[in-house]
Amino acid sequence: MSTIERSWAGPTAPERLAILRKTQSIAIVGASDKPSRASYFVATYLLSSSRYRVYFVNPVATEILGQPVYKSLAELPEVPDLVDVFRRHDDLPTVLAETLAVGAKTLWLQLGAWHEEVAAQAEAAGLDVVMDRCVKIEHARFHGGLNLAGFDTGVISSKRQLLA
């Protein structure tokens, strides 16, 4: 198995926060109606814990979490600010083409997704690009929902726990 050489450097934490702050709408491409899928978990979180207008894109599903599902980005009722991608590596160039065609501002590839050529093309076209990061985790991190390990501690406090 070959290792993908990673030379692309993504946005810093403050830059990712700025992207999330300016985002008003998110399209989840590759959204699934199966509760065991990561996209379903992310969708549940975004609908319940964020201010974003969330749209689902999947050519075969019709409804996810009570929301309509669109067959393509072009069918959405508005241009999404951020396209959150849950698709296979080989599908990413096509998703980029659709993202550019509708005029979205950010291409966000979920955990495990990395495609340097797609990132370079997207940035050359003026898009913000994030790869191999989860929108849900990043949103929760910046809004106090995660501890340093990335998990919800269930503790609400302004004090930091001191480690021995």
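Computed from a predicted structure; not experimentally measured. (Residues numbered from 1 in each chain as written. Predicted model: local features only at pLDDT ≥ 70, side-chain atom pairs only at ≥ 80, totals over all residues. Heavy atoms only, no water.)

A.B. asks: Could you clarify how one ought to interpret the nonpolar core in this entry?
C.D. replies: One recurring pattern in soluble globular proteins is that nonpolar side chains are buried together. Formed by 25 residues in total, the largest nonpolar core has its most connected members in Leu73, Leu76, Val83, Val85, Leu107, Leu109 and Met131. Residue contacts for leucine 107: discarding those within four places in its chain leaves Val83, Val85, Val95, Leu96, Thr99, Val118, Ala122, Leu127, Asp128, Val129 and Val130. (Core = buried A, V, L, I, M, F, W, Y, C linked by side-chain atoms within 4.5 Å. Buried < 20%, exposed > 50% of the residue type's maximum accessible area, 1.4 Å probe, protein only. Contact = heavy atoms within 4.5 Å.)

A.B. asks: Would you mind going over the environment of glutamine 110 with me for this structure?
C.D. replies: Its place among the elements puts glutamine 110 in the loop between strand S6 (106–109) and helix H4 (116–124). Between the C-alpha atom of glutamine 110 and that of valine 85, which follows or precedes it by 25 residues, the distance is 6.0 Å. Not counting residues within four places of it along the chain, the set of residues in contact with glutamine 110 comprises Val42, Asp84, Val85, Phe86, Asp132, Arg133, Cys134 and Val135. From its side chain, glutamine 110 meets the backbone nitrogen of valine 135 in a polar contact 3.2 Å long. (Helix = DSSP H or I, 4+ residues; strand = E, 2+ residues; numbered from the N terminus. Polar contact = N/O pair within 3.5 Å; in protein donor to acceptor, adjacent residues only side chain to side chain.)

A.B. asks: Quick question: what am I supposed to make of the packing of aromatic side chains here?
C.D. replies: The relation between two aromatic rings is expressed through the spacing of the ring centres and the mutual angle of the planes. Tallied over the full model, the rule gives 2 aromatic pairs. Aromatic pair tryptophan 8 and tryptophan 114: ring centres 5.5 Å apart, planes at 75°, arrangement edge-to-face. One end of the pair, tryptophan 8, is in the segment before helix H1 (13–22); the other, tryptophan 114, is in the loop between S6 and H4, and 106 residues separate them in sequence. Per residue, the accessibility class of tryptophan 8 equals that of tryptophan 114, and both read buried. Seen from their ring centres, tyrosine 55 and tyrosine 70 are 6.2 Å apart, and the 70° between their planes marks the pair as edge-to-face. With tyrosine 55 in strand S2 (residues 53–57) and tyrosine 70 in strand S4 (residues 67–70), the pair connects residues that are 15 residues apart, well separated along the chain. The aromatic ring of tyrosine 45 is capped on one face by lysine 136, whose charged end is 4.6 Å from the ring centroid. (Phe/Tyr/Trp six-rings, centres within 6.5 Å; stacked < 30°, edge-to-face > 60°. Lys NZ or Arg CZ within 6 Å of the ring centre and 35° of its normal.)

A.B. asks: Where do I start with the side chain of aspartate 81 in this structure?
C.D. replies: Within the secondary structure layout, aspartate 81 lies in the loop between S4 and strand S5 (82–85). Aspartate 81 sits in the buried class, given a relative accessible area of 11%. A polar side-chain atom of aspartate 81 sits 3.1 Å from a polar atom in the side chain of lysine 105.

A.B. asks: Is there a simple way to explain the packing of helix H2 (residues 38–49) against helix H5 (residues 135–142) in this structure?
C.D. replies: Helix packing for two helices is described by the angle between their axes and how far apart those axes are. Relative to each other, H2 and H5 sit at 35°, their axes nearing to 9 Å. In contact with Phe41, Val42, Tyr45, Leu46 and Ser49 of H2, H5 contributes Val135, Lys136, His139 and Ala140. Considering only residue class, the contact of H2 with H5 consists of 6 nonpolar, 2 polar and 1 charged. (Axes fitted to C-alpha atoms, helices over the stretch in contact; angles between N-to-C directions. Nonpolar A, V, L, I, M, F, W, Y, C, P; charged D, E, K, R; others polar.)

A.B. asks: Help me out: how do you make sense of the sheet that holds strand S7 (residues 128–130) in this one?
C.D. replies: As a general point, the strands of a sheet are linked pairwise by backbone hydrogen bonds and lie either parallel or antiparallel. Here we have 7 strands laid out as an open sheet, ordered S3-S4-S2-S1-S5-S6-S7, and mixed in their pairing. Taken across any chain shown, the strands that pair with only one partner, and hence form the sheet edges, are strand S3 (63–64) and S7. Two elements, strand S1 (residues 25–29) and S2, share 5 bridges in a ladder whose sense is parallel. Residue isoleucine 28 lies in a different strand from S2, and its bridge partner there is phenylalanine 56. Seen against the sheet, H2 touches S1, S2, S3, S4 and S5 and runs at an angle of roughly 165° to S1. (Pairing = 2+ DSSP bridges.)

A.B. asks: What is the right way to look at the confidence of the model for the protein in this model?
C.D. replies: A residue-level look at the protein finds 85% of positions with pLDDT of 70 or above and a mean pLDDT of 88. In this model, residues 148–153 is a region of pLDDT below 50 whose contacts with residues beyond four sequence positions or in other chains number 5 contacts. (pLDDT = per-residue confidence, 0-100.)

A.B. asks: Which parts of the structure should I look at to understand the pairing of S6?
C.D. replies: Successive side chains on a regular strand alternate, one facing one side of the sheet and the next facing the other. Here S6 shows no split at all, with Thr106 and Trp108 on one side and Leu107 and Leu109 on the other all buried. Remark: the S5/helix H3 (residues 92–102)/S6 crossover connection has right-handed handedness. Sheet topology note: the S6/S7 ladder contains 3 bridges and is parallel. Bridge pairing links leucine 107 to valine 129 in S7. (Right-handed = clockwise from strand over helix to strand, strands pointing away.)

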